[in-house]
Amino acid sequence: MRLSRYFLPVLKENPSEAQIASHRLMLRAGMIKQESAGIYAWLPLGYKVLRRLAQIVHEEQERAGHIPLLMPTLQSADLWRESGRYDAYGPEMLRFKDRHDREMLYGPTNEEMITDIFRTYVSSYKDLPVTLYQIQWKFRDEIRPRFGVMRGREFYMKDGYNFDLTREDALHAYNRHMVSYLRTYERMGLTAIPMRADSGPIGGDNTHEFLVLAQTGESEVFYDARVPELKLGERAVDYDDREQVAGICKEFTTLYARTDETHDVKVFEDQVPEEHRRVGRGIEVGQIFYFGTKYSEAMGAVVTTPDGRKVPVEMGSHGIGVSRLIGALIEANHDEKGIIWPEGVTPFHVGIVNLKQGDSATDAACDSIHAALVAAGLDPLYDDRDERAGSKFATMDLIGLPWRITVGPRGLANNVVELTSRRTGKSEEMSAAAAVARIK
Ligand SMILES: Nc1ncnc2c1ncn2[C@@H]1O[C@H](COS(=O)(=O)NC(=O)[C@@H](N)CS)[C@@H](O)[C@H]1O
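It should be emphasised that the depicted structure is a prediction, and the values quoted were computed from it without experimental measurement. (Residues numbered from 1 in each chain as written. Predicted model: local features only at pLDDT ≥ 70, side-chain atom pairs only at ≥ 80, totals over all residues. Heavy atoms only, no water.)

Digging into the overall build of the protein
Step number 1: Looking only at helices and strands, the protein has 14 helices and 23 strands in total.
Step number 2: Against the compact-globule benchmark of 22 Å for 440 residues, the protein has a radius of gyration of 24 Å, which places it among compact chains.
Step number 3: Considered along the principal axes of its C-alpha atoms, the protein spans approximately 80 × 60 × 40 Å.
Step number 4: Within the protein, the proportion of its 440 residues that are buried is 54%.
Step number 5: A separation of at least 24 residues holds for 70% of the contacts in the protein among residues at least 6 apart in sequence.
Step number 6: Carbon and sulfur atoms form 49% of the exposed surface of the protein, whose accessible area is close to 19,400 Å².
Step number 7: Distance between charge centres in the protein, computed from 56 positive and 65 negative side chains, equals 3 Å. (Helix = DSSP H or I, 4+ residues; strand = E, 2+ residues; numbered from the N terminus. Rg over C-alpha atoms; globule rule 2.2 N^0.38 Å. Buried < 20%, exposed > 50% of the residue type's maximum accessible area, 1.4 Å probe, protein only. Contact = heavy atoms within 4.5 Å. Areas by Shrake-Rupley, 256 points an atom, 1.4 Å probe, with all protein chains shown as cover. Lys, Arg positive; Asp, Glu negative; His and termini not counted. Charge placed at Lys NZ, Arg CZ, Asp CG, Glu CD.)

Some points on the nonpolar core
Step number 1: Counting residues in each nonpolar core, the largest one holds 68 residues, and the members touching the most others are Met31, Leu53, Tyr185, Phe210, Val285, Ile326 and Trp341.
Step number 2: When residues no more than four places from it in sequence are discounted, the contact partners of tryptophan 341 are Met31, Val49, Ile326, Leu329, Ile330, Thr346, Pro347, Ile399, Gly400, Leu401, Pro402 and Arg423.
Step number 3: If you look at the next biggest cluster of nonpolar residues, it comprises 27 residues, including Ala77, Met93, Leu105 and Tyr161. (Core = buried A, V, L, I, M, F, W, Y, C linked by side-chain atoms within 4.5 Å.)

Considerations on the side chain of arginine 258
Step number 1: Relative to the helices and strands, arginine 258 is located in strand β12 (residues 257–259).
Step number 2: Buried charge without a partner: arginine 258 forms no salt bridge, and the closest opposite charge is aspartate 264, 4.9 Å away.
Step number 3: Excluding residues that lie within four positions of it along the chain, arginine 258 makes contacts with Met195, Arg196, Glu220, Val221, Phe222, His263, Asp264 and Val267. (Salt bridge = Lys/Arg side-chain N within 4 Å of Asp/Glu carboxyl O.)

What about the sheet that holds strand β6 (residues 103–106)?
Step number 1: A sheet is described by the order of its strands in space; here 3 strands give the open sequence β4-β6-β5, paired in antiparallel fashion. Looking at which strands have only one partner, the edges of the open sheet turn out to be β4 (74–76) and β5 (94–97). Across the sheet, the mean angle from the axis of one strand to that of its neighbour is 35°, orientation sign disregarded.
Step number 2: Pairing of β4 with β6 involves 3 bridges; the strand directions are antiparallel. (Pairing = 2+ DSSP bridges. Axes fitted to C-alpha atoms, helices over the stretch in contact; angles between N-to-C directions.)

Structural notes on the site of the ligand
Step number 1: If you check the shell around the ligand, you find 23 residues, and the closest are Thr109, Glu111, Arg140, Gly152 and Glu284.
Step number 2: For the ligand, a nitrogen atom lies 2.8 Å from a polar atom in the side chain of glutamate 111.
Step number 3: Between glutamine 287 and the ligand, the recorded distance is 3.4 Å, taken from a side-chain N or O atom to an oxygen atom.
Step number 4: Alone, the ligand offers 600 Å² of accessible surface; in the complex the protein occludes 95% of this.
Step number 5: Of all the secondary-structure elements, those providing two or more residues to the shell around the ligand are β8 (154–164), β13 (277–292) and β16 (314–321).
Step number 6: In terms of residue count, β13 provides more of the shell around the ligand than any other element does, 5 residues in total.
Step number 7: Classifying every residue of the shell around the ligand by side-chain character gives 8 nonpolar, 8 polar and 7 charged. (Near = heavy atom within 4 Å. Polar contact = N/O pair within 3.5 Å; in protein donor to acceptor, adjacent residues only side chain to side chain. Nonpolar A, V, L, I, M, F, W, Y, C, P; charged D, E, K, R; others polar.)

Given below as structure tokens:
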């Protein structure tokens, strides 16, 4: 992509309303624009990252055997009356009437709607197990939206719902989600720790939150220092192998890790050797729940069992805060110059900086490097503007692309370009071909 043809409204100044790095940097890097409290326009660079995250979430959910669909953002109040949550949900729920005076709401979550979809079509154990999920916008009228997309009012969430015949099957679905989340966050270059949590308005008695350690996190966390070292890595996972999946969950949840809601000092001190005890703050980027028949009972989602009985299905729901993840990623990956994107989520893989725009040699070299990168399956951003080098470097550092190729007349005279790593700041001179090969 040529920057002269893109839309990247970077800001020179730090916006006064931003209190944390990720909020400040998303505004300055031209990723979002606030339209009203907690509601954002996703400008091209931000939208590109959002799509990359959604792509990773889809890949890992489908790998786990979960099936994507898409539900509307607007829901009928009648559904929520069946579950009893219409009144229970409180002022966070945005309620309104349509022109026919029908009571509607902007969905904060979709347990009722997905249960209605399930009960409409499924009535036999033969159709189980099934896990359906969506990545869809939600609305929660937070009393104090803040920290940019971290606590928005309209936000993007992956929400998945499992339907199983027995509690044992539903707990396997719970474990499948835990493992798929661990893989998802690792692919994004994040360490998100599963911690026992409190179920809140969703309900149920079994739930884990996934928290990214960050000083600006809203949750206080207590954990064993060895937990963030745990890695899934390239391990092959057979999601149908219950023992393997349960084993991985045990591996990641045996050492102590809890939010302030479930923290138990006595257990902490008994279980964790003093030198491993850590207290910190975390950003909640996902939560998984098992809540049995809470919704299926209330809404008559029943199936016939092999011996002809009718039973309400066992369920759970599992969310990932896709838009919040962008804030969390920046909190965990930035310096004083700007963002430093992990390679798995970066909006563009590499920036090309032309030190002498308009010079036929450097222009031609940049065009051919751009073409070579695209041919190698990469997504470059070529700063072809007629700007001073310093300003081009500052823009590249701000938007945080992992690599930068700098092309200038002197380098070309020696048949070299400069390849710079954003994370290390290290630069090396090499041939254009070598630079393309290094980035791939
Ligand atoms: N106001 C918000 N702004 C941005 N992300 C949010 C907000 N509220 C929740 N999230 C994200 O959405 C994830 C799931 O939300 S939740 O309430 O924990 N779970 C549910 O809604 C369940 N129905 C999961 S399907 C959270 O872990 C968090 O990462």
